[in-house]
Amino acid sequence: MKILVVGSGGREHALAWKLAQSERIQMVYVAPGNGGTARDTRLVNVNITDLHELANFVESEGISLTVVGPETPLAGGIVNLFRARGLKVFGPTKEAAQLESSKDFAKAFMQRHGIPTAKYQTFSDVAQAHAYIDANGAPIVIKADGLAAGKGVVVALSLDEAHRAVDDMLADNRFGDAGARIVIEEFLAGEEASFIVMCDGKNILPLATSQDHKRLKDNDEGPNTGGMGAYSPAPIVTPAMHARVMREIINPTIAGMAKDGIVFTGFLYAGLMIDAAGNPRTLEFNCRMGDPETQPIMSRLKTDLVAVMEHAVNGTLDQIELEWDRRTAVGVVLAAAGYPDAPLKGAVIEGIPAETPETVTFHAGTAEVDGQLQVTGGRVLCVVGLGDSVKLAQKTAYEVVDQISFEGMQCRRDIGWRGLKH
Ligand code: ATP
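No experiment lies behind these values; they were computed from the predicted model shown. (Residues numbered from 1 in each chain as written. Predicted model: local features only at pLDDT ≥ 70, side-chain atom pairs only at ≥ 80, totals over all residues. Heavy atoms only, no water.)

S.K.: What should I look at first to understand the site of the ligand in this one?
M.R.: Residues in contact with the ligand amount to 18 residues; listed here are only the nearest, Lys103, Glu185, Glu192, Lys214 and Glu284. With respect to the ligand, the backbone of glutamate 186 contributes an N or O atom lying 2.9 Å from a nitrogen atom. Residue glutamate 284 places a side-chain N or O atom 2.6 Å away from an oxygen atom belonging to the ligand. Starting from 610 Å² of accessible surface for the ligand in isolation, the protein chains cover 91%. Where the shell around the ligand is concerned, the elements lending two or more residues are β7 (140-144), β8 (153-156), β9 (182-186) and β17 (280-286). Classifying every residue of the shell around the ligand by side-chain character gives seven nonpolar, three polar and eight charged. (Near = heavy atom within 4 Å. Polar contact = N/O pair within 3.5 Å; in protein donor to acceptor, adjacent residues only side chain to side chain. Areas by Shrake-Rupley, 256 points an atom, 1.4 Å probe, with all protein chains shown as cover. Helix = DSSP H or I, 4+ residues; strand = E, 2+ residues; numbered from the N terminus. Nonpolar A, V, L, I, M, F, W, Y, C, P; charged D, E, K, R; others polar.)

S.K.: Whenever I open this one, the packing of helix α8 (residues 126-136) against helix α9 (residues 159-171) confuses me. Can you help?
M.R.: In helix packing, the relevant descriptors are the interaxial angle and the interaxial distance, both defined with respect to the helix axes. It is at 10 Å that the axes of α8 and α9 come closest, and there the two elements cross at 160 degrees. In terms of axis orientation, α8 runs roughly antiparallel to α9. With respect to the hand of their crossing, α8 and α9 are arranged in right-handed fashion. Residue-level inspection shows Val126, Ala129, His130, Ile133 and Asp134 of α8 in contact with α9, the latter providing Leu159, Ala162, His163, Val166, Asp167, Leu170 and Ala171. (Axes fitted to C-alpha atoms, helices over the stretch in contact; angles between N-to-C directions. Parallel < 35°, antiparallel > 145°, perpendicular 65-115°, else oblique. Left-handed = near helix turned anticlockwise from the far one by under 90°. Contact = heavy atoms within 4.5 Å.)

S.K.: Would you take a moment to explain the pattern of salt bridges for this structure?
M.R.: Between side chains of opposite charge, a pair can form as their charged atoms come close. Summed over the entire model, instances satisfying the criterion amount to 24 salt bridges. Across the pair arginine 42 and aspartate 40 runs a salt bridge, and its minimum N-O distance is 2.9 Å. Using a relative accessible area of 33% as the deciding quantity, one classes arginine 42 as partly exposed. What makes aspartate 40 buried here is its relative accessible area of 14%. (Salt bridge = Lys/Arg side-chain N within 4 Å of Asp/Glu carboxyl O. Buried < 20%, exposed > 50% of the residue type's maximum accessible area, 1.4 Å probe, protein only.)

Here's what the structure looks like:
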């Protein structure tokens, strides 16, 4: 069978890589893909981003199902469009994707359905936002309402910083329409974890747990990024915590959507903050898999992903059990010089070793130009290492990282540090 993966990041490379391992696969297309999906002989890049044209391509090529990676086509209604044309697609509808595409929608939804999250208020008036900050003090968190590629959140440690963030977003319009409304919320302390499940409209199938590393630099310093590395599983999510998150957050979210008249299908990602007393609260929802979490998670999945996707689009996820590699996977992101503010493109990438049973390198911002692999985006590669402990997985990943080079390459040297603590 033929499958299409929509997107061009490391997440999509990892999904396509896993799908292509299935014996039943004839071809995996990736639209538009990257330099890594172009080099992989089992994958074919398709240079189409327009959703109608993609649907035409799926019809003419006889593609059986489509998996959507990023949030933008989901918020743009790719699932609604494909379904209206009778095409099988795994992802949330535009209406369901509001859980991610509007923070105000997500917060109001959580409040309405009693899902634990930070206290908040939404503003479009600058003066009222400033007054709320003065009344509540710092630390406090300011978020652009709409999609801002992980960059629309300011965790303000001082009142000054908080007021500046409000001016940036509301008065100076830094995020355009996405920042025309802002959510201001209570600062939550604790440890973050990524909790991702698949939903087919009736059944919920949890994936392996993971933890991302949002800050650019070691020790969680520097600016927020799209994610500098992730590892799986996350020891903080013990079996008891897992059961609690399902009971208090995931199940009520899917049930709450249904009560509001929205059937949720697709990946649901709850970004959790677990406080010192062990109480999980929801920082955010994403309606897709995380990037870079997908890379270590897919590296550990043993079950045929094609079969999983078929159950997902046919509403039979209750009929499949996922089998995971017992080893830990650590994924280290290699980013371009200047990332996240102004990534420099064009550097030539060298030294990526071949995949082994312990390591695989997924591509994101890369392209093949005149036979050379070049940097084309902020996050360039994600090197995954597998090992019997976090420490061993780290060692394997960093041995590969040290073989790869491009001008100005940035990476953290401490991916998985929380796992080492446990
Ligand atoms: P992405 O989609 O890239 O994950 P986002 O733009 O949707 O990011 P959030 O996940 O809501 O933004 O926030 C980004 C980061 O900011 C979180 O991972 C967390 O580290 C921090 N953060 C967000 N809300 C809070 C909060 N209430 N208290 C403390 N930290 C927070």
